[in-house]
Amino acid sequence: MASIAIPASLKIACSSHHVIKKQQSQAKPGCCFGAKQATHVVTVDVEGKRMLNIAEQQENASVHNKGPKGVEGESEHVMDTGSSVPKLFHDARWKNGTWDLNMFVKDGKMDWDGVIVAEARRRKFLEMHPQVSTNQAPVLFRSSIIPWWAWIMRSHLPEAELLNGRAAMVGFFAAYLVDALTGLDMVGQTGNFICKTGLFMIVLGIILFRRTKDLGNLQKLVDEATFYDKQWQASWQNPDASNGTSEQSQKDYYADADKECQECEMGNMGFYGN
Amino acid sequence: MTSVAFTAHLSTATTNQKSNEFRRETLKTFVGLRKTTPVNHHSISLTKSLPNRQFNRSLRIVAGKSSPKVTGRNLRVAVIGGGPAGGAAAETLAKGGIETFLIERKLDNCKPCGGAIPLCMVGEFDLPLDIIDRRVTKMKMISPSNVAVDIGQTLKPHEYIGMVRREVLDAYLRDRAATAGATVINGLFLKMDMPEASNAPFVLHYTAYDGKTGGAGVRRTLEVDAVIGADGANSRVAKSIGAGDYDYAIAFQERIKISDEKMTYYENLAEMYVGDDVSPDFYGWVFPKCDHVAVGTGTVTHKGDIKKFQLATRNRAKDKIFGGKIIRVEAHPIPEHPRPRRLAGRVALVGDAAGYVTKCSGEGIYFAAKSGRMCAEAIVEGSEKGTRMIEEGDLRKYLEKWDKTYWPTYKVLDVLQKVFYRSNPAREAFVEMCADEYVQKMTFDSYLYKKVVPGNPLDDIKLAINTIGSLVRANALRREMDKITL
């Protein structure tokens with residue numbers, strides 16, 4: 001398969017690099033590559049550059065081949081940048097690395113919504129087709145130029161309306177249920193500590209769990225926040241408890257590491273194996 | 001896409017968690033390990049509060065004083081691995097009067113490495129200034145949407161990040177250790193036999209090359225009383241003591257020789273590219289070396305895609321490295337966190353073997369050298385300059401001191417990585433924040449001097465508000481982006 005051909009060809013290039021490296025390091029020149037080694041460097045470099053071009057084209061081809069089963073969104077963008085002239089971001093209002101705000105005036109007022117949408121478009125385009133970062137055409141636009149109320153009116157208010165709507169609906173039915181079950185009416189419920197706690201938990205839940213995936217995300221966040229601490233404190237724990245299990249996981253680890261190393265063909269590139 | 005990477009990373013984390021069964025609440029005492037010395041039986045409880053991290057250990061270690069005197073000779077210690085950690089450890093041991101053996105498999109090894117050392121390392125380790133090829137005083141951070149921010153204006157004239165060649169640095173530290181009295185052995189460590197009795201020596205098996213390259217080597221053994229494992233990320237010493245595994249990142253780097261005029265741009269400037277195209281959980285870089293640049297990237301979660309990330313990094317820097325020739329391709333593992341067991345008996349791990357690489361920046365050279373030195377100091381102190389046998393308790397002192405000194409640094413960098421390398425909006429916010437002068441000053445101060453210094457509280461509050469503002473804006477833009485289909 002094409003993806004194996006690239007590492008193989010790079011391996012050949014790399015092993016010749018290694019040979020060159022040995023000679024040079026023994027010579028110990030003042031800087032890395034002394035003049036007398038120039039001829040060796042030149043021949044290898046040309047080969048390296050050719051390898052580089054071949055690798056790029058083959059890489060694009062192989063990524064494209066892998067498209068159906070593996071990388072979906074990525075394959076098109078690699079094809080774009082590799083095969084023909086790379087697509088550049090074009091917009092009439094994007095001038096000299098920043099948005100020309102004069103072009104966003106609507107009905108005599110500044111249309112910040114338009115600026116937000118335009119910037120989102122630009123970032124989306126760059127995410128799909130990453131571009132060269134040049135010093136000649138630097139990006140000067142900073143999103144802090146958009147005033148805070150524009151963000152609130154566009155992003156925060158609709159969501160706030162949604163959440164308030166949910167809270168109102170849940171609150172109404174909760175009040176009805178509690179009244180039916182306990183006989184406490186609205187005024188009575190607001191005086192009761194348990195009811196107030198319940199109300200607080202409901203509001204918190206509505207704010208935190210907005211989409212179904214939030215449930216899993218929050219649990220992962222908690223785990224993540226404490227995981228690094230656990231890793232550091234492992235040295236201070238009872239060695240017998242961790243020893244037995246660590247032997248097993250160690251075997252798995254070395255097997256996995258070997259597998260991954262083979263996958264990315266790192267064997268020749270400076271890994272000293274076990 | 002990023003949430004998938006995030007989930008994948010966490011699923012490996014949770015499986016590790018389950019298999020290793022970390023229990024923080026109840027920790028048993030270390031009574032069983034100490035057979036010869038009296039010890040107070042107290043249960044150890046580690047406090048959770050992170051800002052003032054103190055280990056409430058009432059375990060009194062009186063090991064050194066009552067352990068038997070080593071008669072007729074000095075304590076023998078072997079340091080496996082001759083990188084920064086090994087060289088620093090061997091030098092400190094030799095200066096402390098201990099018979100030191102430094103075993104290194106390849107004396108001219110050009111370890112693939114970023115090669116950046118902080119300013120404090122030059123002072124603390126008395127490095128001569130000609131070791132440093134380049135002084136980086138400016139950095140450019142480039143966001144996914146190519147917003148480029150220059151940092152380094154707050155640096156004083158005498159402050160810089162030093163770029164070194166690993167072969168030069170390692171050789172210098174080793175030679176200094178040899179001058180101090182250590183025996184440098186050119187050999188490959190194979191395995192070690194654990195001591196049968198409590199004060200019996202370790203028997204190390206190694207293949208001696210004696211400077212001959214390509215030869216088969218002679219198998220030899222060496223008896224020592226203690227071992228310092230400084231043999232890097234794939235440490236054999238760690239395997240011998242069953243230290244456990246760690247997650248690791250792959251760093252892939254190409255050395256590219258560019259034309260002289262393009263090289264002047266990188267005279268004392270390093271670049272950092274962030275973005276999902278460049279790496280899902282790390283960054284891509286262009287670091288200047290002595291006469292070429294190193295362009296690379298790294299990742300923990302998507303190791304199989306590393307070549308794609310490398311292509312993307314080269315693409316982003318294409319303008320500035322155009323026409324360059326690749327002269328070397330290299331890759332190396334970077335530990336993400338310390339191994340579960342960093343010492344066992346009279347064997348301690350230091351440097352990459354222990355997993356002392358920071359998150360966020362991936363810096364390892366300084367911490368390797370410092371941990372080597374700290375461990376050696378603990379051995380010298382515990383053995384009273386080589387006159388007494390040491391115990392595990394003496395080595396635990398090194399772990400304690402290390403964790404206490406550098407835990408805040410590691411934790412802060414971990415939090416930064418979790419918050420700012422998470423997704424493209426977070427990276428955009430990160431680059432925006434870096435434009436702030438206060439951030440630059442704090443970052444460089446903590447990087448160059450390795451001290452997490454709390455700044456002016458008012459500025460801290462302003463910084464916190466700005467950070468939250470940036471993150472909110474970036475995420476709001478992300479939501480807009482999701483609504484658009486191009």
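Residues numbered from 1 in each chain as written. Chains lettered and ligands numbered in written order. Predicted model: local features only at pLDDT ≥ 70, side-chain atom pairs only at ≥ 80, totals over all residues. Heavy atoms only, no water.

Asker: If you had to explain helix α13 (residues 437–449) of chain B to someone new, which residues and values would you point to?
Answerer: All names here are of chain B. For α13, spanning 13 residues, the distance from its first C-alpha to its last is 18 Å, which sits close to the expected 18 Å at 1.5 Å a residue. Among all positions in α13, only Y438, V439, Q440, F444, Y447 and L448 are buried. Where α13 is buried, its residues contact β5 (116–117), α4 (119–124), β8 (148–151), β9 (161–164), α12 (424–434) and α14 (457–483). At the exit of α13 stands K450, carrying a positive phi of roughly 55 degrees. (Helix = DSSP H or I, 4+ residues; strand = E, 2+ residues; numbered from the N terminus. Expected span 1.5 Å × (residues − 1). Buried < 20%, exposed > 50% of the residue type's maximum accessible area, 1.4 Å probe, protein only. Contact = heavy atoms within 4.5 Å.)

Asker: Which residues make up the sheet that holds strand β16 (residues 284–288) of chain B, and what values go with them?
Answerer: Residue and element names in this part refer to chain B. Strand order in the open sheet made by the seven strands is β8-β7-β15-β16-β17-β14-β18, with mixed pairing throughout. Edge strands, defined here as strands with exactly one partner in the open sheet, are β8 and β18 (325–335). Ignoring which end each strand starts from, the neighbouring axes of this sheet average 20 degrees apart. Two elements, β16 and strand β17 (residues 293–299), share four bridges in a ladder whose sense is antiparallel. Paired with V286 across the bridge in β17 is V295. Across the sheet, α12 lies against β7 (138–142) and β8, angled at about 150 degrees from β7, the strand it touches most. (Pairing = 2+ DSSP bridges. Axes fitted to C-alpha atoms, helices over the stretch in contact; angles between N-to-C directions.)

Asker: A description of the sheet that holds strand β4 (residues 99–104) of chain B should follow, citing residues and the corresponding values.
Answerer: What the eight strands build is an open sheet, ordered β12-β11-β10-β4-β3-β13-β20-β19 (chain B); its pairing is mixed. Sheet topology places β12 (218–224) and β19 (343–344) of chain B at the edges, where each strand pairs with a single neighbour.

Asker: Any details on the pattern of salt bridges? Residues and values, ideally.
Answerer: Applying the stated criterion across every chain, the model contains 42 salt bridges over all chains. Residue E224 of chain A pairs with R422 of chain B through a salt bridge whose shortest N-O separation is 3.3 Å. In this pair, E224 of chain A sits in helix α8 (residues 213–233) while R422 of chain B sits in the loop between α11 (392–420) and α12, so the two residues belong to two different chains. Note on E224 of chain A: relative accessible area 8%, which makes it buried. The class of R422 of chain B is partly exposed, set by a relative accessible area of 29%. Across the pair D414 of chain B and K418 of chain B runs a salt bridge whose closest N-O atoms are separated by 2.6 Å. Remark: K418 of chain B and D414 of chain B occur in helix α11; sequence separation between them is four residues, near one turn of the helix. Accessibility assignment for this pair places D414 of chain B and K418 of chain B in one class, buried. In the salt-bridge network here, residues are joined through shared partners; they are D229 of chain A together with E336, K359, K411, D414 and K418 of chain B. (Salt bridge = Lys/Arg side-chain N within 4 Å of Asp/Glu carboxyl O.)

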